[in-house]
Amino acid sequence: MNNSKSPVSSKKLTYTFKGGIHPCDSKSLAEDKLIEQFSPKTVRIPLSQHIGAPATSLVKPGDIVTRGQLIGSAAGMISAPIHSSITGTVKAMVSVHLPNGRKVPAIEIEESAGAVYQNYEPQSDYATTSADELRKIVADSGIVGLGGATFPTVVKLAPNSEKTVDTILINAAECEPYLTADYRLILEQPEQFITGITLLLTIFAGARCIIGIEDNKPTAIDMIKKHISGHESSISLAILPVKYPQGAEKMLIKAATGRVVPAGKLPLEVGVSVHNVGTVVAIYEAVVCNKPLIDRIVTISGEGIQRPANIRVPIGTSVADLLAACGGLKATTSRLVAGGPMMGFALANANTVIIKGTSGILALTDKKSPQLNKSGPCIRCGRCMRACPMNLRPADFGLYGDREDWKAVKELGAINCFECGCCVYVCPSNRPLVHYVKIAKTIKDEKK
Amino acid sequence: MRNSTLAASPQDSSQKSKDFPISLGPFFHTATSTKSIMWTVSAALAPAALAGVYYFGPRALITILISIATALLSEFGYQKLVKKPVSLGDGSAFLTGLLLAMNIPASCPVYVPIIGSFTAIVLAKQLFGGLGYTIFNPALVGRAVVMASFPRELTTWTAPLSWHTAIDGITKASPLGILKTEGYQAVVNHFGSTSSMYWNMLIGNRGGCLGETCSLALIAGGLFLLARGIISWHIPLTYLSVFALMAFTFGGSHPFSGDALFGILAGGILLGAFFMATDYVTSPMSWQGKLIFGAGCGILAFLIRTWSGYPEGVMFSILIMNCFNPLIDRAFVKKPFGAGYNG
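Computed from a predicted model, the values in this text were never measured in an experiment.

From N to C terminus, chain B includes 14 helices and 0 strands. Moving toward the C terminus, one meets the helices and strands of chain B in the order α-α-α-α-α-α-α-α-α-α-α-α-α-α. Along the three orthogonal principal directions, the C-alpha set of chain B runs to about 90 × 60 × 35 Å. Looking at chain B as a whole, 50% of its 343 residues are labelled buried. In chain B, once contacts between residues fewer than 6 apart in sequence are set aside, the share between residues at least 24 apart is 69%.

Structure (C-alpha cells):
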C-alpha cells in the first residue's frame, strides 16, 4: 500500500481518525484565566526531564548561578541540556521524584536575596539566521517537546538525507480535558507563535505548515486566522472535530494530512514533523530572545483547586508551592494528577517538581474522577475495540494480562499502543487494559 | 483520603501525612458500567414482560418472580460454595432469570422455571467461569434443558386474557404450532382474518411464551437499547432481514410467496434478535462478525422452523451460532493502525 497522498490545501478537511472518545473537556475552569508569572524562592531542577540520556551536572553546591545559565550539559545524541531557572546559589545535589514516580538526581537552587531579572527582549537579527544556526540554538536551549513526551526537539529538526520533511504540523489540539496552557499561549502570544512557525519553516526550507486545532476553540481559531494572514502560502489551519486523542501525533497526522504513519515508525517516515504550540513559542524565545527553556505554561485546574489558573512556572518549582499560590486544595480533592486526566500521572502528594513536560497539575474530585478500585470480568462488549484509535483489541490484552502472559500481550500488538487510555475510559468493567500494556512493554523479549 | 493541609505547609517537603491514591490513568471514566448495562437491558425487557402479565395473568408474574429468584439464589449459592465474590449486584443473574421466564409458557409448573434458571446459572454460566466466560447464552441453555425435559409443559399455552374469565386452564395453540400441524390458512382462520392476525400478534394477544407475544413492546425495548448504544443494529437487522428474506423466498407454497411478516411476529424471533442474540459474551465483537452471526441465526431459525420437528427455531439458531462465535471473532482481527504502510 502507498499512502503518499497529495498535499492537502486549506480547504475544508474531511479527514479524521477511527476510534476515539468524547470525554467532558472541563476546560471552562481555566480557559479564561490569563497567564500569570510565578517566582519560586527555591527550585529543584532534575537532570533528567526528557526522553533519552540524563544531562551531566556542571555545578556543585555553593556555586552562584544566574537565570538561564547552563547547569547540565546534554549527554549523547538524544538528550537535552538543562538551564537554571532562577538566579541564586546551588544548595545541594538532591534527588526528587518526577511526576511519573521516577527518582532522579536534581540540583537545588535557592534564589539570592534581591535577585533582579532582566526581561528577555527580542533581538532583531533572527531573520537572517540560517537553518543550521537555528538548529544549534534549539539544541543549546534545551528545548524538548512540551506536549508531554519531552522528546528533544532538535532530533525532530535534524536534516535527513533519505526523508524530506514537506509538512510541519503544529499540534494545537490540546485534546486532554482541563488543559488550557496551549490555548492561552495562542491567545496571548500569537505573534510569537506565528514567528516561531516561520523559524521552523526556515529550518525545513520548502515545507508548508499546518496548524491542527479542535473546533471547540473558536477564539483561538480566530486569533490564528488573524495572524496567519500574509502567510497563507505557507501556513494553513486544519480545524478538526473534537475527539480524544486528536492530539496524539499519529492521529493528528492522519486527521490533518490524511497520511498514515507506518506502525512502529516516526512521523518523519511520511515527511511530517510535529511540534506542540508551547514548543514553537519556546523556539521563538530561544532564537529571538536568547532565552533557554527555563519555564513553561502550566494549567492548574480541576474541581478540587481553589483558584484555577494558567501560570508561567520556572522549571524545578515545587508543586506544593504552586498549589499554595492557587489557594491550595479543597477538602473534596481526592486525586492529584500531573498532566491531563487521560494520560497524566497520579501524584501521591505535592512533593514533586514542575519539569519541562508538565502541562498541568489537576486536583480532581470523586465526582469527576471516581475511585474505581474494583475491576470486573470482561463482558466482551467490544467498546474498547471501537474506541481504540490504533485498531487494537484491548479486550484481548485483558484476557492474557489476567493470566500474566505478557508475551501474548506483546504479540497482540501492545507495542503499537501509545497508552491514550480510551479503552479504559469506555470499559464498563473498569479493566486495567493500559496497565497490562505498560507491564508487557517492560518485559524483555524472551528468557529461556 | 483527603489532604487539605497542603496549602498550610507548602514548604514542608516531607509530607508524610495523608497521601492521595496512586494508580495508573486514565482518571476519567464513562458512567456506563456492566451493572448499568445489565439493568438497562432488564428495563428494556420490562414492557414485554408486563404485557405477558397482562395477557397471561398473575400466573405469569409468579413464573417471572420464581425464575428470577431461582437465578439469584443459584448465583449466590454457587459463589458462596466456591468462595468467589458474590456478584448479584451486577444484574446479570437477574437478567438471565427474567429472560428465562420470558422464554417459557406462563402456565408452566413452578419446577420448570426453577430447573431452567438453576441450569442457566450453574451449568451454563458459573461452571464455565461466570460472567464473561460463557460460551452459550445461559438463559437459552436453561430453556433448552427444560424443553428437552418437559416437552409437554413447554408447549402448553394459556389462552391470552383467559384469566379474566376465571376459568383457569384454557389452552390455546401458538400460531407457530398451528402452522406446523395445520398450515398457514389454519392460522388465518384461527384469528379470523389476515389483518386481525397481524394486529393480534403485534399487540401480543396470542398464545406463546410469556414474554415473546407482544411484538410492539419487544420492538420498543429493542429500539431503546439501540438508542442507548447498548446494542448495535448489526445482529438484530441481519437476523430479522435474513430470516424475512428466507421466509418470503421459501416459506410459501411456491417461491417468493411466503409471509415474512407472519414469521417475524409469530414465535420468539423479536425477543431473540434484540435481546438474546445480542448478548455481548456469546456474540462476536467485530461488526463483520456480528453481521455473519445475525445472518447465520436468521438462516438457521428459518431452516429449523420449516423443516425440523420443532415449530420454533430461534433458541437453537442462537445456540448453534454461539458455537461459532470464537471462530468468527478470530477471523476479523483488525490490523493495527499503520500496519501495512511503508511510507
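Still more to cover.
The next subject is the interface of chain B and chain A. By a widely used convention, the size of an interface equals the accessible area lost when the partners come together. Each side of the interface is counted separately: chain B has 42 residues, and chain A has 66 residues. Class assignment for the residues of the side of chain B that touches chain A results in 20 nonpolar, 17 polar and 5 charged.

Residue and element names in this part refer to chain A. By the burial criterion, the buried members of helix H13 (residues 433-442) are Leu-433, Val-434, Tyr-436, Val-437 and Ala-440. Down the axis of H13, the buried set is contained in an arc of 155 degrees. They therefore lie on one face. Its buried side turned inward, H13 meets helix H9 (383-387), helix H10 (394-402), helix H11 (406-411) and helix H12 (422-426).

Residue and element names in this part refer to chain B. Here helix H2 (residues 58-81) crosses helix H3 (residues 92-102) at 145 degrees, and the two axes come no closer than 8 Å. Crossing of H2 over H3 shows right-handed handedness. Across the interface between the two elements, Thr-63, Ile-64, Ser-67, Ile-68, Thr-70, Ala-71, Leu-72 and Glu-75 from H2 touch Ala-93, Phe-94, Thr-96, Gly-97, Leu-98, Leu-100 and Ala-101 from H3.

Residues and elements named next belong to chain A. Strand order in this open sheet of 6 strands is S1-S14-S13-S17-S15-S16, and the pairing throughout is mixed. Where the open sheet ends on each side, the last strands, each with one partner, are strand S1 (35-37) and strand S16 (345-347). The average angle at which neighbouring strand axes cross in this sheet is 30 degrees, direction not considered. Here strand S15 (residues 333-338) pairs with strand S17 (residues 360-365) via 5 bridges, running antiparallel. Each residue of the ladder has a partner; that of Ala-338, found in S17, is Ile-361. Relative to strand S13 (residues 295-301), helix H3 (residues 181-188) is tilted by about 120 degrees, and along the sheet it contacts S1, S13, strand S14 (309-314) and S17.

One finds A:Ile211, A:Ile283, A:Leu322 and A:Cys423 to be the most contacted residues of the largest nonpolar core, which totals 150 residues. If sequence neighbours within four positions are ignored, A:Ile283 has contacts with A:Val138, A:Ile143, A:Gly196, A:Leu199 and A:Leu200. Listed in part, the 75 residues of the second largest apolar core include B:Ile68, B:Ala124, B:Cys214 and B:Ile318.

Definitions and cut-offs
- Residues numbered from 1 in each chain as written.
- Chains lettered and ligands numbered in written order.
- Predicted model: local features only at pLDDT ≥ 70, side-chain atom pairs only at ≥ 80, totals over all residues.
- Helix = DSSP H or I, 4+ residues; strand = E, 2+ residues; numbered from the N terminus.
- Buried ≥ 20, exposed ≤ 12 C-beta atoms within 10 Å, placed from the backbone.
- Contact = placed C-beta atoms within 7 Å.
- Nonpolar A, V, L, I, M, F, W, Y, C, P; charged D, E, K, R; others polar.
- Arc of directions from axis to C-beta.
- Axes fitted to C-alpha atoms, helices over the stretch in contact; angles between N-to-C directions.
- Left-handed = near helix turned anticlockwise from the far one by under 90°.
- Pairing = 2+ DSSP bridges.
- Core = buried A, V, L, I, M, F, W, Y, C linked by C-beta atoms within 7 Å.

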